[in-house]
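Reading the structure
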Amino acid sequence: MRQEKQQQAGAFAMQRQARLMAQAMNLCGDETDAEDLVQEVILRFIQEFGRKENLPSAPSGEAWLVRTLANLFFGQCRRLRTRMNGARDPALSAEALEVEPPPAYEAITSEQFSEALDSLSPKIRETHDLRAAGRKYEEIATLLGIPVGTVKKRLHDARTKLREYLQTFLTPGVP
């Protein structure tokens, strides 16, 4: 019975693999890292819902997958930042000290990013969430009943507002 539940959970997650991969590529920018991230999310989904009586509804399950993907990514960023801060310890080898500092966006915590998302208007947030879930512009336009140009404008506005909001958490003088 448990194996059957795990198979159902795995099938649910695998049906959304392409969307997860698109989201992971947006976050990571590297295909190998994105694939690793998606694999980890699918594994966690199976572990979480493979032992429960029922799978979540499609929207809830998709939201869980996307949120877990983002949380895992930001967790990896925090671990990298911690390792890099440790590399500044003079007791460590000179080889470790040659690591480049992380980009400024890695200083943003998942809580700060969630706060920034919450600052978006409902229409812009809904459009952003659909795109973050891996939906294409045309698909978003159809789902929301708006022109593709409006989708593009809302996403542009979302990126601009998120950038401005998150800038307040960065060190002055860091791009």
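Attention in this report is confined to the structure presented alongside it. Quantities reported herein were computed from a predicted structural model and do not represent experimental measurements.

A few words now on the overall build of the chain. Helix and strand counts for the chain come out as nine helices and zero strands. When the helices and strands of the chain are listed from N to C terminus, the series reads α-α-α-α-α-α-α-α-α. The burial tally for the chain puts 34% of its 175 residues in the buried class. Considering only residue pairs separated by 6 or more positions, the chain has 62% of its internal contacts joining residues 24 or more positions apart. Summing over all exposed atoms, the chain offers an accessible surface of approximately 11000 Å²; the carbon and sulfur share of this is 52%.

Let us look at helix H7 (residues 122-132). Within the sequence span of H7, burial applies to Ile 124, Thr 127, His 128, Leu 130 and Ala 132. Remark: Gly 134 follows H7 within two positions and exhibits a positive phi of approximately 95 degrees.

This brings us to helix H6 (residues 110-118). Taken together, the buried positions of H6 are Ser 110, Gln 112, Ala 116 and Leu 117. Buried residues of H6, viewed axially, fall in a sector of 160 degrees; they line one side. Turned more than 90 degrees off the buried face of H6, the exposed positions are Glu 111 and Asp 118.

So, how was this worked out
Residues numbered from 1 in each chain as written. Predicted model: local features only at pLDDT ≥ 70, side-chain atom pairs only at ≥ 80, totals over all residues. Heavy atoms only, no water. Helix = DSSP H or I, 4+ residues; strand = E, 2+ residues; numbered from the N terminus. Buried < 20%, exposed > 50% of the residue type's maximum accessible area, 1.4 Å probe, protein only. Contact = heavy atoms within 4.5 Å. Areas by Shrake-Rupley, 256 points an atom, 1.4 Å probe, with all protein chains shown as cover. Arc of directions from axis to C-beta.

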